[in-house]
Amino acid sequence: DVKVTQSSRYLVKRTGEKVFLECVQDMDHENMFWYRQDPGLGLRLIYFSYDVKMKEKGDIPEGYSVSREKKERFSLILESASTNQTSMYLCASSSGGLSNQPQHFGDGTRLSIL
Amino acid sequence: ELKVEQNPLFLSMQEGKNYTIYCNYSTTSDRLYWYRQDPGKSLESLFVLLSNGAVKQEGRLMASLDTKARLSTLHITAAVHDLSATYFCAVDMIPQGGSQGNLIFGKGTKLSVKP
């Protein structure tokens, strides 16, 4: 089974801090994604990556950056955390190319910015 | 811009009843996914629909895709309490080159099945 592991289930940080959310997948997937999930808004894509050192902006990239130095790891960075970034963050991965396989999700990180 | 609309957003139903969740999307796509999310948990893949007329069934759930109408349905037959969850549909953007692209998610349908 595909395993997508997010480093923390719950995280509390302060406004202005630099925050790192880590995600690791064990299925050699090319594609990795970061979403945030908010009540009434569903899932919104922040950033995604199709390959190592490659990144693309999603729908709501402002205030975030990402890093993909190794194929299995995709990090989401909040450069200077703000209270409106309090949310549930979900990482996902999928195989690339012409594969039609679904994205596989991690358990999520519930981040609170105080 | 691709938009994905689910309805209803909230659904309360009694055990044993049937109901359908609808997922409409605004531009051409022939890849649609259904996910389930239990409270406090992550998303679990339910169905992958890859062509017009595709139908998939698992237990009391059946999903179908009509790409011409840009509509997918998730039909629940004889609901049981264990089906209580939030259900999301997601449509693949499919960028040039045909590789799997981004998924655009509906806002989810929160299903509550009561005895």
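Residues numbered from 1 in each chain as written. Chains lettered and ligands numbered in written order. Predicted model: local features only at pLDDT ≥ 70, side-chain atom pairs only at ≥ 80, totals over all residues. Heavy atoms only, no water.

Overview of the nonpolar core
1) Next: With 26 residues, the main nonpolar core has Val 4, Leu 32, Trp 34, Leu 74, Ile 76, Tyr 87 and Leu 111 of chain B as its most contacted residues.
2) Next: Listed by contribution, the elements that provide at least two residues to this core are β2 (10-14), β3 (19-25), β4 (32-37), β5 (43-49), β7 (61-66), β8 (71-76), β9 (85-92) and β11 (109-114) of chain B.
3) Next: Beyond its immediate stretch of four places on either side in the chain, Val 4 of chain B contacts Cys 23, Asn 24, Tyr 25, Cys 89, Val 91, Ile 104, Phe 105 and Gly 106 of chain B.
4) Next: Judged by nonpolar contacts, the second largest core, of 20 residues, contains Val 4, Leu 11, Tyr 47 and Tyr 89 of chain A. (Core = buried A, V, L, I, M, F, W, Y, C linked by side-chain atoms within 4.5 Å. Buried < 20%, exposed > 50% of the residue type's maximum accessible area, 1.4 Å probe, protein only. Helix = DSSP H or I, 4+ residues; strand = E, 2+ residues; numbered from the N terminus. Contact = heavy atoms within 4.5 Å.)

Looking at the state of the cysteines
1) Next: On inspection of all chains with the given rule, the structure shows 2 disulfides over all chains.
2) Next: Each disulfide pairs two cysteine sulfurs, and for Cys 23 of chain A the partner residue is Cys 91 of chain A, the sulfurs being separated by 1.9 Å. Residues Cys 23 of chain A and Cys 91 of chain A share a disulfide whose torsion about the S-S bond is about -75°; that sign makes it left-handed. Taken together, the residues span a long stretch of sequence, with Cys 23 of chain A in strand β3 (residues 19-25) and Cys 91 of chain A in strand β9 (residues 87-94) at a distance of 68 residues.
3) Next: Classification of Cys 23 of chain A as buried rests on a relative accessible area of 0%.
4) Next: Residue classification places Cys 91 of chain A among the buried residues on the basis of a relative accessible area of 0%.
5) Next: Residue Cys 23 of chain B pairs covalently with Cys 89 of chain B via a disulfide, S to S 2.0 Å. Of note, the bridge from Cys 23 of chain B to Cys 89 of chain B carries an S-S torsion of about 80° and is right-handed in sense. Note that Cys 23 of chain B is positioned in strand β3 and Cys 89 of chain B in strand β9, a separation of 66 residues in sequence. (Disulfide = S-S within 2.5 Å.)

Considerations on the side chain of Ser 42 of chain B
1) Next: Within the fold, Ser 42 of chain B resides in the loop between β4 and β5.
2) Next: Residue Ser 42 of chain B is classed as buried on the basis of its relative accessible area, which comes to 11%.
3) Next: If we skip the residues at most four places from it in the chain, Ser 42 of chain B touches Leu 90, Phe 105, Gly 106 and Asp 107 of chain A together with Arg 36 and Gln 37 of chain B.

Thoughts on the interface of chain B and chain A
1) Next: The interface of chain B with chain A comprises 23 residues on the first partner and 26 residues on the second.
2) Next: Our count for the contact surface shared by chain B and chain A stands at 0 salt bridges.
3) Next: Linking chain B with chain A are 4 residue pairs in polar contact (both at pLDDT 80 or more), by the criterion used here.
4) Next: When residues of the side of chain B that touches chain A are traced back to their parent elements, those giving at least two are β4, β5 and β10 (103-105) of chain B. (Salt bridge = Lys/Arg side-chain N within 4 Å of Asp/Glu carboxyl O. Polar contact = N/O pair within 3.5 Å; in protein donor to acceptor, adjacent residues only side chain to side chain.)

Brief notes about the pattern of salt bridges
Residues and elements named next belong to chain A.
1) Next: As enumerated under the stated definition, the model contains 8 salt bridges over all chains in all.
2) Next: For Glu 79, the salt bridge goes to Lys 18, with nearest N and O atoms at 3.7 Å. Of this pair, Glu 79 sits in the loop between β8 (73-78) and β9 while Lys 18 sits in the loop between β2 (10-13) and β3, and the two are 61 residues apart along the sequence.
3) Next: With a closest N to O distance of 3.9 Å, Arg 73 and Glu 22 form a salt bridge. In this pair, Arg 73 sits in strand β8 while Glu 22 sits in strand β3, placing the two residues 51 residues apart along the sequence.
4) Next: For Arg 73, a relative accessible area of 38% translates into the label partly exposed.
5) Next: Salt bridges sharing common partners tie together Asp 28, Glu 30 and Lys 71.

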